[in-house]
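Observations on the three-dimensional arrangement
One letter stands for each residue in the lines below.
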Amino acid sequence: NNSEMRCLRVLACRYGHSARRQALRSFSSAPGYISTRGGMQEMGFGDAVLQGLASDRGLMVPTHLPKFPEGAPEIWRGLSFQDLAYEMLSLFIPDSEIPAEDLKELINRSYMKFRNPDVTPVVPIDEKLNVLELFHGPTFAFKDVALQFLGNLFEYLLAQRNIDLMTVIGATSGDTGSSAIHGLRGKKGVQCFILYPDGRTSPIQERQMTTVLDENIHNIALQGNFDDAQNIVKALFSDLPFKKEYNLGAVNSINWARILAQTVYYVYAYLKVTPPGSTEKVSFSVPTGNFGDILAGFYAKKMGLPVEDLVVATNENDILDRFFKTASYSRTSCRETLSPSMDITISSNFERFLYHMAGDDAVALKAMMDEFEASGSMTVTDDMIAKSKAEMKSAMVPDDEVLATIGAYEEKYNYVLDPHSAIGVAAANKVGTKANKMVSLACAHWGKFPVAVGQAVGDEVMKKMSVPEPLAELESMEQRKYKIEADTEAVREFIVKQLA
């Protein structure tokens, strides 16, 4: 109300914006959390994080999106990544759930292992294009940014609630698994089961998972594709007695905390590529598989970040590009590409976006998802299509263009992109933008995909490049994995046996 806002302005003038933020948290304008499909009671932040997938098969979304405080993002210019993360996350997490000092400590601990002091540095390529490097965490992939935080958050919430066991189950097409494992290894009270399609990740991606031998880590090499793995995870979460007995938790981007943590680097990048005092809009191109990364950008924009274009960049598994181009959202068979982390034919997080495009109408969204789950396609209203196109643009980048982009940028700028990051850059070039600055998200270090990069740059260039030591040494490390059929019952039996 008006008196609260006057009080906050006085606090900011006298004691600075940190005092204002503390007061805001005590007034608790943070949202609650509900399911996109309308079948759950509203809950707080911590419960939503531990819930993972909603019990009605929907995804948890905030009841409202907090707006940036007055003067933001400009008042945040010059903050470290960690301090910016605190400012943004505290808009969603009330002091009554996680006190300020605890939240700051969780954030600082989460980014201690990153190899760059900026955590997510921005590299200018030319006058317009900038690359946001998200691969400086333990596993050289963007998912470390969210999963290092989520691992510490799980441990904190379990201790806070005196919960002895949480069984984390996740599906990965390559990078989520290793990032989750490195975020959860050795965490007290957490058992982690990761399902990945056997033979469909890069060898380095697989070794980053299977060489972690901690007792609480269990790697399942599924005899199927990523969609099989994701469907099995959803089926296990939908089995409410099983979910309750083993206290299932989610690390995939169905978990709200992952989306929230990823909003931070959009603001961080914006402040890096704009001059002080600027209110100009910036565009972002985002390599997209499960839709979580670009969804974080959408939320940042809705909270108040000046964004011109959000570009959905897909590989040949193009369900999202087809939606934006032809208004068709329909499943096709999964194609193996040079960008395995994006070899996904059903984008889980797209449900959250559709919920918002339907005007936060859970009844309408549930009907659409029921139709899609039954038939593999969905009818979307003209109004929703128009709203969606007003929020995002899209482009599909086939493998030959991926290789051409990697080769061209190495030759012209001496900058090496991995196949996923190359899709972001190629899509940015295809779509274009009237904004002065385009930021393309670099999802992984090229060293995770040396075969594809070698194809693109040639043997002579490749000889002069060296894979980072933590990736190179995986070759000689002991591995542990369990090959299991792509069958929900087989996976359930394995989990029960391991936890016995």
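First things first, this report covers the structure right here in the doc. (Residues numbered from 1 in each chain as written. Predicted model: local features only at pLDDT ≥ 70, side-chain atom pairs only at ≥ 80, totals over all residues. Heavy atoms only, no water.)

1. Describing the environment of L403
- In this fold, L403 is placed in helix α17 (residues 399-413).
- Taking the C-alpha atoms as reference, L403 lies 4.7 Å from A456; in sequence the two are 53 residues apart. (Helix = DSSP H or I, 4+ residues; strand = E, 2+ residues; numbered from the N terminus.)

2. Digging into the sheet that holds strand β3 (residues 122-124)
- Taken together, the six strands give an open sheet; going across it, the order is β3-β4-β14-β9-β10-β13, and neighbouring strands pair in mixed fashion. The sheet is open, and its two edges are formed by β3 and β13 (393-396), each paired on a single side. Geometrically, the sheet is characterised by an average inter-axis angle of 25 degrees between neighbouring strands, direction not taken into account.
- As judged from the five bridges shared by strand β4 (residues 129-133) and strand β14 (residues 438-442), these two strands associate in the parallel manner. Across the sheet, the residue bridging to L132 is L441, located in β14.
- The strands touched by helix α11 (residues 256-273) are β3, β4, β9 (282-287) and β14; relative to β9, the strand with the most contacts, the crossing angle is about 135 degrees. (Pairing = 2+ DSSP bridges. Axes fitted to C-alpha atoms, helices over the stretch in contact; angles between N-to-C directions. Contact = heavy atoms within 4.5 Å.)

3. Focus on the nonpolar core
- In terms of nonpolar packing, the biggest core is built from 112 residues, with L153 and F284 touching the most fellow members.
- Of the residues forming this core, the biggest block, 14 residues, is contributed by α11.
- Excluding its chain neighbours within four sequence positions, the residues that come into contact with F284 are Y266, A269, L305, V307, D309, L310, V311, M438, V439 and L441.
- Formed by 28 residues, the second largest nonpolar core is a distinct cluster that contains V402, Y415, V457 and M462. (Core = buried A, V, L, I, M, F, W, Y, C linked by side-chain atoms within 4.5 Å. Buried < 20%, exposed > 50% of the residue type's maximum accessible area, 1.4 Å probe, protein only.)

4. A look at the packing of aromatic side chains
- Scanning the model with the defined rule gives 26 aromatic pairs in all.
- Judged by centre distance (6.4 Å) and plane angle (70 degrees), the ring pair of F324 and F350 falls under edge-to-face. Placement of F324 in helix α13 (residues 319-326) and of F350 in helix α14 (residues 350-357) is noted, with a sequence separation of 26 residues between them. Pair check on accessibility: F324 and F350 agree, each one buried. (Phe/Tyr/Trp six-rings, centres within 6.5 Å; stacked < 30°, edge-to-face > 60°.)

5. A few points about the side chain of S339
- Tracing the backbone through its elements, the reader meets S339 in the loop between β11 (329-330) and α14.
- Since its relative accessible area comes to 1%, S339 is described here as buried.
- Looking at S339, its side chain comes within polar contact range of the side chain of N315, at 2.9 Å.
- Ignoring any residue separated from it by four or fewer positions in sequence, one finds S339 in contact with N315, P419, H420 and I423. (Polar contact = N/O pair within 3.5 Å; in protein donor to acceptor, adjacent residues only side chain to side chain.)

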